[in-house]
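Residues per chain, in single letters:
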Amino acid sequence: MKTKTTHTCQACGAQHPKWAGQCLGCDAWNSLVEEVATISKNPRHQGYAGTVPVITPMENVTLDAGDARLPSGIKELDRVLGGGLVTGSAVLIGGDPGIGKSTLLLQALAFLSQHLKVLYVTGEESLQQVTLRARRLGLPENNLLLLTDTNVERILQCAQKEKPGVLVIDSIQTMHTDLLQSAPGAVGQVRESAAQLVAFAKQTQTALFLVGHVTKEGTLAGPRVLEHMVDCVLYFEGEQDSRYRVIRAVKNRFGAVNELGIFAMTDKGLKEVSNPSAIFLSRYEQPVAGSVVMATREGSRPLLVEVQALVDQSHSGNPRRVSVGLDGQRLNMLLAVLHRHSGIITYDQDVFINVVGGVRITETGADLALLSAVISSLRNRPIPADVLIFGEVGLAGEIRPVQGGQERLREAAKHGFKRAIVPSANVSKEKIGDMIILPVSSLTQAVNEIQNISLHSRVLENTVL
Ligand code: TYD
Ligand code: MG
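Keep in mind that this is a model prediction, so the values were computed, not measured.

Right, let's talk about the overall build of the protein chain for a bit. Counting its regular elements, the protein chain contains 9 helices and 23 strands. Each of the three principal axes of the protein chain carries a C-alpha extent, and together these read 85 × 55 × 50 Å. Every one of the 465 residues in the protein chain was classed for burial, and the buried ones make up 48%. Across the protein chain, contacts joining residues at least 24 apart in sequence account for 66% of those joining residues at least 6 apart. Put simply, the protein chain shows about 22,600 Å² of open surface, and 54% of that area lies on carbon and sulfur atoms.

Taken together, the 3 strands give an open sheet; going across it, the order is E2-E1-E3, and neighbouring strands pair in antiparallel fashion. The sheet is open, and its two borders are formed by strand E2 (15–16) and strand E3 (32–36), each paired with just one other strand.

What follows is about the pattern of salt bridges. According to the stated counting rule, one finds 21 salt bridges in the structure shown. Put simply, Arg248 and Glu237 hold a salt bridge, and the shortest N to O gap is 2.5 Å. Linking Arg248 in strand E12 (residues 244–252) with Glu237 in strand E11 (residues 232–237), this pair joins segments that are 11 residues apart in sequence. Each of the two residues, Arg248 as well as Glu237, counts as buried.

Attention shifts here to the domain arrangement of the protein chain. Partitioning the protein chain into domains gives domain 1 (1–41), domain 2 (66–274) and domain 3 (279–464). Between the C-alpha centres of domain 1 and domain 2 the distance comes to 30 Å. Carbon and sulfur atoms supply 47% of the area that domain 1 and domain 2 bury against each other, a total of about 720 Å² over both sides. Across the contact surface, domain 1 and domain 2 share 1 salt bridge. We note a salt bridge from Glu35 to Arg191, for which the minimum N-O separation is 3.3 Å. The tally of links between domain 1 and domain 2 comes to 3 residue pairs in polar contact (both at pLDDT 80 or more). Top element by residues in the side of domain 1 that touches domain 2 is E3. It accounts for 4 residues. Residues that form the side of domain 1 that touches domain 2 fall into these classes: 3 nonpolar, 3 polar and 3 charged.

Within the structure shown, the criterion is met by 0 disulfides. There is no disulfide at Cys9, and the cysteine sulfur nearest it, in Cys23, is 3.7 Å away.

A word on a nonpolar patch on the surface. A surface patch of nonpolar side chains, amounting to about 380 Å² of accessible area, comprises Met58, Val61 and Leu63. Of note, Val61 is situated in the loop between E3 and strand E4 (69–70).

Another point: the pairing of strand E6 (residues 90–95). The buried fraction of E6 is high, at 6 of 6 residues. Examined bridge by bridge, E6 and strand E10 (residues 207–213) share 6 bridges and lie parallel to one another. Bridge pairing links Gly95 to His213 in E10. For E6 and E11, the ladder comprises 4 bridges, and the chain directions are parallel. Within E11, the residue paired with Leu92 across the bridge is Val233.

All right, on to the site of ligand 1 then. Surveying the vicinity of ligand 1 reveals 17 residues, the closest of which are Gly98, Lys101, Ser102, Thr103 and Thr266. Take Ile99: an N or O atom from its main chain is 3.4 Å from an oxygen atom of ligand 1. Within the backbone of Thr266, one N or O atom sits 2.8 Å away from a nitrogen atom of ligand 1. Taken by itself ligand 1 offers 560 Å² of open surface, and the protein chains cover 73% of this. Among the elements of the structure, helix H2 (101–112), helix H3 (127–136) and strand E13 (260–266) are those that each provide at least two residues to the shell around ligand 1. Per-element accounting of the shell around ligand 1 gives the leading share, 3 residues, to H2. Here the shell around ligand 1 is composed, by residue class, of 4 nonpolar, 7 polar and 6 charged.

Procedures and definitions
- Residues numbered from 1 in each chain as written.
- Chains lettered and ligands numbered in written order.
- Predicted model: local features only at pLDDT ≥ 70, side-chain atom pairs only at ≥ 80, totals over all residues.
- Heavy atoms only, no water.
- Helix = DSSP H or I, 4+ residues; strand = E, 2+ residues; numbered from the N terminus.
- Buried < 20%, exposed > 50% of the residue type's maximum accessible area, 1.4 Å probe, protein only.
- Contact = heavy atoms within 4.5 Å.
- Areas by Shrake-Rupley, 256 points an atom, 1.4 Å probe, with all protein chains shown as cover.
- Pairing = 2+ DSSP bridges.
- Salt bridge = Lys/Arg side-chain N within 4 Å of Asp/Glu carboxyl O.
- Domains from an automatic or database assignment.
- Buried area = accessible area lost by both parts, 1.4 Å probe.
- Polar contact = N/O pair within 3.5 Å; in protein donor to acceptor, adjacent residues only side chain to side chain.
- Nonpolar A, V, L, I, M, F, W, Y, C, P; charged D, E, K, R; others polar.
- Disulfide = S-S within 2.5 Å.
- Patch = residues over 30% accessible without salt bridge, like charges linked within 9 Å, V, L, I, M, F, W, Y side chains within 5 Å.
- Near = heavy atom within 4 Å.

What follows is the structure, encoded as structure tokens:
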């Protein structure tokens, strides 16, 4: 069957019968994407098939299978999914090539296959490769159904017949549909293939996992174009050379976003990390300047993370500001606040910021920890290892409260922290262990506290030496 396709400009919507480098409508370059031509939009032509859309009152909608959660056997994965896999949901798992997407799904499928039918479709590896990996990881193989194919229509035919409860497509970039002529991996192909698979998942109550590689040179043909189609978007974060892998829920129709799942890549596959706070702290024998521990709350769980700063005299007229794991724009803003409200000058200094362990912090509760690290490095005065710092810094130099302050303090107390510099508004009457709370409401106050604390540690250090 040959279908009619058209090339639609992604910028202005103009349709062209043939592909061209530039859109004739709006002069945009490289914006034409092949799509299946839609049938007449004229309302008079619709309804000829004799079907009338059905309106349903909400109270009549049944939820028999709609809210059932399937445990995947991997607690950290269930956590980012919002408490398990939802039947009929479409989940996109994105990340750099080689970060562990196939490994994670294979492990989850092996567990799920013990209770229901699962189908793993791979367009990248051979059956032998997948089996070899499963064997090496010691996974149960008895119920794992495998298929190597890249044609969506054929895959859906198979799925229709087999009726799996969970379907994995690894990866969506290798899939192609007969409806379009463009090559697999092209935006149109990725989008159309995903649309068909998602529609199948919804109709048949199949849980669908789509694996998507994030392309190096941009996200155009990558998983980004699929984000609006699926129910849940998970991205692998973290550095490849580190042992740890972090999965973040960027979108979730069934749970909290920004929820983190933390894994370690071992020779036996991905292992859940049960005490994640410990891995993001580097342990020094002596406290070092420029290192501060903060408690962040990504998703529903507090996490202790170490923020490091290196402030060094700049030898160019345009000092460098580099930030890994924290927002670079926000760093610029915070340095301006530091200058304006505390008179601490950094315009002749290069400032480098790093969050240990490759985790990315998106919340503003890291502001005060970041500035403390900068001050500590600038003055070369270490902040003692038992001090925790968090809080949002406003443009007026005020320290604003963060969500879940008590929870963060409790997590810190569990890990042996004894003192905490926190926003005044976060202080409650409830005592947390034997922790000494130092409330601050302005940046000036905070700078004073940091000075007092680090001075104290200097003295201690000298007596030890
Ligand atoms: P993979 O799941 O194939 O990555 P993706 O599907 O995201 O492209 O992961 C491959 C990487 O993981 C590879 O660099 C080797 C590493 N790995 C281990 O370290 N231990 C293991 O047990 C497995 C299966 C993979
Ligand atoms: Mg893979």
